[in-house]
Amino acid sequence: METLKKKMISVIGAAVIGLNVFGGGAALAQDMHKDIVNVSHRGASAYAPEHTIASYDMGEKMHGDYIEIDLQMTKDGHLIAMHDVTLDRTTNGTGSVKDYTLNEIKQLDAGSWFNEKYPYASKAEYEGLKVPTLEEVFKKFGKNNSYYIETKSPDVYPGMEKELLRLIDEYKINKEKLLVQSFSPQSLKVMNELDPSIKLVQLISYKANAEITDAEIKEIRQYAMGIGPNHTYLNEEYVQRVVTSGLELHPYTVNDKERMKQLINWGVTGMFTNHPDLLHDVKKGR
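As the structure is a prediction and not an experimental result, all values here were calculated from the model.

Undergrad: For the environment of lysine 98, give the residues involved together with the corresponding values.
TA: Its place among the elements puts lysine 98 in the loop between β3 (79-81) and α4 (102-105). By relative accessible area, lysine 98 is classed as partly exposed at 39%. Sequence separation between lysine 98 and glycine 77 is 21 residues, and the spatial gap between their C-alpha atoms is 8.6 Å. Once you skip the residues sitting within four places of it in the chain, lysine 98 turns out to touch Met73, Thr74, Lys75, Val156 and Tyr157. Of note is the side chain of lysine 98, whose polar atom sits 3.4 Å from the side chain of aspartate 99.

Undergrad: Can you break down the packing of aromatic side chains residue by residue, with the values?
TA: On inspection of all chains with the given rule, the structure shows 12 aromatic pairs. Between phenylalanine 138 and tyrosine 147, the aromatic rings sit 5.0 Å apart at their centres with planes inclined by 65°, giving edge-to-face as the arrangement. We classify phenylalanine 138 as buried; its relative accessible area is 2%. With a centroid separation of 5.5 Å and 85° between ring planes, the pair formed by tyrosine 206 and tyrosine 238 is classed as edge-to-face. Taken together, the positions of tyrosine 206 in the loop between β6 (199-204) and α9 (214-221) and tyrosine 238 in helix α10 (residues 236-244) put the pair 32 residues apart, joining distant regions of the chain.

Undergrad: Talk me through the pattern of salt bridges; I want residue IDs and the actual numbers.
TA: Per the stated rule, a full pass over the model turns up 16 salt bridges. A salt bridge links aspartate 214 to arginine 241; the nearest nitrogen and oxygen atoms lie 2.8 Å apart. Of this pair, aspartate 214 sits in helix α9 while arginine 241 sits in helix α10; the two residues are 27 residues apart in sequence, bridging distant segments of the chain. With relative accessibility at 55%, the residue aspartate 214 sits in the exposed group. According to the relative accessible area criterion, arginine 241 is partly exposed, its value standing at 32%. By sharing partners, the salt bridges in this structure join Arg42, Glu50, Asp84 and Arg89 into a single network.

Undergrad: Got a sec to walk through the nonpolar core? Specific residues and values, please.
TA: Residues Ile69, Tyr147 and Tyr238 are the most contacted members of the largest nonpolar core, which totals 61 residues. Among the elements that take part in this core, helix α7 (residues 160-170) stands out by supplying 5 residues, more than any other. If near-sequence neighbours (up to four positions away) are discounted, tyrosine 147 is found in contact with Tyr66, Ile67, Ile69, Val137, Phe138, Phe141, Gly142, Ile173, Lys177, Leu178 and Leu179.

Cut-offs and rules
- Residues numbered from 1 in each chain as written.
- Predicted model: local features only at pLDDT ≥ 70, side-chain atom pairs only at ≥ 80, totals over all residues.
- Heavy atoms only, no water.
- Helix = DSSP H or I, 4+ residues; strand = E, 2+ residues; numbered from the N terminus.
- Buried < 20%, exposed > 50% of the residue type's maximum accessible area, 1.4 Å probe, protein only.
- Contact = heavy atoms within 4.5 Å.
- Polar contact = N/O pair within 3.5 Å; in protein donor to acceptor, adjacent residues only side chain to side chain.
- Phe/Tyr/Trp six-rings, centres within 6.5 Å; stacked < 30°, edge-to-face > 60°.
- Salt bridge = Lys/Arg side-chain N within 4 Å of Asp/Glu carboxyl O.
- Core = buried A, V, L, I, M, F, W, Y, C linked by side-chain atoms within 4.5 Å.

So, in structure tokens, the structure goes:
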């Protein structure tokens, strides 16, 4: 009888583990997914022109947890929200951001390109949208919002980190809800030296099967609390190695619900998506 009881406990235990691992049952799926960080990549950039107030607004409406802001710096030292070092792709301007003043960049149309490229998502109000400054984003969304800010090409913009921190302090941004990321370890280390309270994430780009050593993890942990790799080449072993080390793991850019579910089952703690509404559905067990 005792043996039978033990067998029954083992079977029930295995069933529960199986449900947890494979997402069986809406309640279990919801518990498993609810703490996943939903980062609106360049705002809700599948639905509105990236890095515009409209895109950030939509990311909030679609239940994104963080507004992601890529930073470039103008000729006269203003931090603006833009992914590329050049104006060509997302405005009607041309050339490097660093060669233009803020006033000159403010004359550009940062929305019409989206309507032309994605006619199914186009809206008349996107025409003529302006490139926002980091200050404008802070003013619009407030000091207690959650910001995920990237120092893009910091080697092109000496002093970018210092200016970023100045604005964070000037607008009294809640540092508990702030993350700063970069592909540049040096940029993150500068941020860490300027203000050790800022939480940092090391971005990584893999060109083949993702691998990371314990030594690499140890090095990153000296200045960062998380890693942001491209999701394409990730595997379960990599994910487990990172998260069991105590680091957060936020892959980019995941736009498919099945892939979202797979990554969550592997153990990631968040992800970037152009479709924050889809990740919200997955988090709800839908």
